[in-house]
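Commentary on secondary and tertiary structure
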Amino acid sequence: MDETKSFDIPKEVVYEAYLAIKKNKGAAGIDEVSIAEFETKLKDNLFKLWNRMASGTYFPPAVKAVDIPKKTGGTRTLGIPTVADRIAQMVVKMYFEPKVEKYFHADSYGYRPGKSAHDAIDITRKRCWKYNWVLEFDIKGLFDNIDHELLMKAVRKHTESKWELLYIQRWLTAPFQKNDGTTVERWQGTPQGGVISPILANLFLHYCFDKWMEREFPNNPWCRYADDAIIHGVSKKQVQYLRDMLERRFRECKLEIHPDKTKIVYCRDSNRTEEKENIEFTFLGYTFRPRKAKGKEGKVFTSFLPALSQKARKSITEEICGWRLLWMTQKSIEQIAENINPVIRGWLNYYGRYGKKELARVLENINYHLMLWVQRKFKKYKRIPRQAYRYLLRKHNANSKLFAHWHVGISPSTG
């Protein structure tokens, strides 16, 4: 340790944090300094950051407030720290995360190393087969409403490091800066968009929800992905009681269940045939509901299964339209494939895990838009859709891997 410094923070860790931030990319903060611009004086910038952190004189600048539209209407405020501040947060994360991660519950999946949304969907799918009822809930404005006093109590339970505590406290109270330059002081919440925020949110809910469920309702399995969660029960009466108790618990923790995103659902299938009002719920972009399935011997039955949600279907369709392929006639089909394949692969990787037929119906829209592109690019196909599709089919037969969705069997058809 440098004897002139208050805190033992190795320079190498600051450099490792910079590499992690560079890999994650991200926009500039209030200083408008991009990662590329930060790198023009990389050595000086990293030394300055290390010097201030190690001496205890680092004060995070205001967080850039960016309002982004929600798919359900309204806006969500993201807090974008500067590049230097993201590096500083990553330094603390590298020390603090291992201290809390080992205590987190196995059924907490959001923002955790080695866990994914698919893991959460998979365990929920299996439990829906076993338990008749589900309580689906969402926490209203989690990142905006976390109580700082309760959160710091949890933080102090897991670290005695003075510099970790110091900087976490400073990040919690760093103000927002709006587009017009005005600043807004913050007395609660942790900015959605900050590097350290997901860990702090998980830690808060670890004590507010996870440990509480483990203690009060040990026989009701649950799955949580950040502020979105599912609890399973054996009867409607049981999950109604659970909802009442949960609302009370969150009020104690100064949080609130989102009234429009919380409901009780009956997991109907061939063995559970009661007529109920709610027989579907949406979790992490997948809608769980009764769907036709085929057994090993070819027998058709009804199972409670996930597939991409209506909201996801609409979002994908809108993005495909937004590509405006009709205005890309100056490009070759190979160039178009190169442009859109990364997005298609993302959809296939996430939504193709379950309910592949549902996803295929949506991705067939790509072939339709490609057909329109062919008609506009080649005058001889202008009024003959069938011939345009045949052109695509020839391309497919020559190289079925040209488009990512072709490669998995969603090929063009002549109708």
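Note that this is a predicted model, so its numbers are computed, not measured.

Turning to empty space enclosed by the protein, a few remarks are in order. One pass over the structure, following the stated rule, counts two cavities of 30 Å³ or more. The computed volume of the largest cavity comes to approximately 60 Å³. Taken together, Val63, Pro81, Asp85, Gln89, Trp171, Ala174, Thr190, Pro191, Gly194, Ile196 and Ser197 form the lining of the largest cavity. Within the lining of the largest cavity, the residues separate by chemical class into six nonpolar, four polar and one charged. Size it by volume and the second largest cavity reaches roughly 30 Å³. Lining the second largest cavity are Glu97, Glu101, Phe104, Tyr111, Arg112, Ile199 and Asn202. Listed by contribution, the elements that provide at least two residues to the lining of the second largest cavity are α4 (83-101) and α9 (197-216). For the lining of the second largest cavity, a count of residues per class yields three nonpolar, one polar and three charged.

On to the packing of helix α7 (residues 148-158) against α9, then. Between α7 and α9, whose axes approach to 9 Å, the crossing angle comes to 95 degrees. Relative to α9, α7 is oriented roughly perpendicular. Note on element contacts: α9 touches α7 through Leu200, Leu203, Phe204 and Tyr207, opposite Leu150, Leu151, Ala154, Val155, Lys157 and His158.

The subject of this paragraph is helix α14 (residues 385-398). Think of an α-helix as turning once every 3.6 residues; residues three or four places apart then point the same way. Taking 1.5 Å per residue as the helical rise, α14 with its 14 residues ought to reach 20 Å, and the 20 Å between its terminal C-alpha atoms agrees with that figure. Tucked inside the fold, the buried residues of α14 contact α12 (333-351), α13 (356-377) and α15 (404-407).

Strand order in the open sheet made by the four strands is β2-β1-β4-β5, with mixed pairing throughout. Looking along the sheet, the strands with just one partner apiece sit at the ends: β2 (75-80) and β5 (183-184).

Next up on the list: the pairing of strand β11 (residues 300-308). Of all the nine residues making up β11, seven are buried; the element is thus mostly covered by neighbouring parts of the structure. Connecting strand β10 (residues 286-294) to the next strand, β11, in antiparallel fashion are five residues, including glycine 298 with a positive phi near 85 degrees.

We now examine the nonpolar core. Grouped together as the largest cluster of nonpolar side chains are 69 residues, with contacts concentrated most on Met53, Ile87 and Phe250. Among the elements that line this core, the one with the most residues is α9, at 10 residues. Look past the residues within four positions of phenylalanine 250 in its chain and what remains in contact with it is Phe137, Ile139, Leu205, Cys208, Phe209, Leu255, Glu256 and Ile257. Counting 51 residues, the second-largest nonpolar core is a separate cluster that includes Val265, Phe281, Ile340 and Tyr391.

Bringing the confidence of the model for the protein chain into the picture now. In low-pLDDT regions, the fine details of the predicted coordinates are not to be read closely. Of all residues in the protein chain, 98% have pLDDT values of 70 or greater, and the mean over the chain is 93. Confidence scores differ between elements of the protein chain, with β2 showing the lowest mean pLDDT of 84 and strand β6 (residues 222-225) the highest of 98.

The next thing to look at is the sheet that holds β11. A sheet is described by the order of its strands in space; here three strands give the open sequence β9-β10-β11, paired in antiparallel fashion. What marks the edges here is a single partner per strand, and that holds for β9 (281-283) and β11. Taking each pair of neighbouring strands and ignoring which way they run, the sheet shows an average axis angle of 50 degrees. Note that β9 and β10 share three bridges and pair antiparallel. For phenylalanine 281, the partnering residue across the bridge sits in β10 and is phenylalanine 288. Sheet strands in contact with α13 are β10 and β11, and its direction is about 50 degrees off that of β11.

A volume near 370 Å³ is recorded for the second largest pocket. Lining the second largest pocket are 13 residues, with Lys292, Leu305, Gly355, Lys356 and Lys357 positioned closest to its centre. Elements with a contribution of two residues or more to the lining of the second largest pocket: β10, β11 and α13. The element that contributes the greatest number of residues to the lining of the second largest pocket is α13, accounting for four residues. Tallied by class, residues from the lining of the second largest pocket come to four nonpolar, one polar and eight charged.

Pairing between side chains becomes possible if they bear opposite charge and their charged atoms approach one another. The tally for this structure, following the rule as stated, stands at 20 salt bridges. Of the charged contacts, one joins lysine 126 and aspartate 122 as a salt bridge, the two residues approaching to 3.2 Å between their closest N and O atoms. Here aspartate 122 and lysine 126 lie together in helix α5 (residues 117-130), a separation of four residues that amounts to about one turn. The shortest N-O distance in the salt bridge between lysine 276 and glutamate 274 comes to 3.1 Å. A single network of salt bridges, built from pairs that share partners, joins Arg291, Arg313, Glu358 and Arg361.

It is worth spelling out the packing of α13 against α14 at this point. Taken N-terminus to C-terminus, the directions of α13 and α14 make an angle of 105 degrees; their axes are 9 Å apart at the nearest point. Regarding the angle of α13 to α14, the classification is roughly perpendicular. Two secondary-structure elements touch here, α13 through Asn367, Tyr368, Leu370, Met371, Trp373, Val374 and Gln375 and α14 through Pro385, Ala388, Tyr389, Tyr391 and Leu392. Looking at side-chain class alone, the contact of α13 with α14 contains 10 nonpolar, two polar and no charged residues.

Conventions we followed
Per chain, residue numbering runs from 1 following the sequence as it is written. Local features in this predicted model are restricted to residues whose pLDDT is 70 or higher, and side-chain atom pairs enter the listing and the counts only when it is 80 or higher, whereas totals over whole chains, interfaces and linings include all residues. Side-chain figures throughout are based on the complete set of non-hydrogen atoms in the structure, without hydrogens or water. Buriedness of a pocket was judged along seven lines, with at least five required to meet protein on both sides within 12 Å; pockets are open sets of points on a 1 Å grid over the protein atoms alone, cavities are sets where a 1.4 Å probe fits but cannot get out, and lining residues have an atom within 4 Å of a point. Grid points are joined across faces, edges and corners, and a volume is the space filled by probe spheres set on the points. Gly is placed with the polar residues, together with every amino acid not listed as nonpolar (Ala, Val, Leu, Ile, Met, Phe, Trp, Tyr, Cys and Pro) or charged (Asp, Glu, Lys and Arg). A run of H or I in DSSP becomes a helix once it reaches four residues, and a run of E becomes a strand once it reaches two; helices and strands are each numbered from the N terminus. Helix axes are fitted only over the stretch in contact, all axes being lines through C-alpha atoms; the angle between N-to-C directions runs from 0 to 180 degrees. Each angle is binned into one of four classes, with values under 35 degrees roughly parallel, values over 145 roughly antiparallel, values of 65 to 115 roughly perpendicular, and all other values oblique. Two residues qualify as a contact provided that any one of their heavy atoms is within 4.5 Å of a heavy atom in the partner residue. Multiplying one less than the number of residues by 1.5 Å gives the expected span of a helix. What makes two strands pair is DSSP finding at least two bridges between them. Buried, partly exposed and exposed residues are distinguished by accessible area as a fraction of the type maximum, computed with a 1.4 Å probe on protein chains only: under 20%, between the cut-offs, and over 50%, respectively. Here, nonpolar core refers to any group of buried Ala, Val, Leu, Ile, Met, Phe, Trp, Tyr and Cys residues whose side-chain atoms link them within 4.5 Å. For every residue, the pLDDT score states the predictor's confidence, bounded by 0 at the bottom and 100 at the top. Think of a salt bridge as a Lys or Arg side-chain nitrogen and an Asp or Glu carboxyl oxygen that are within 4 Å of each other.

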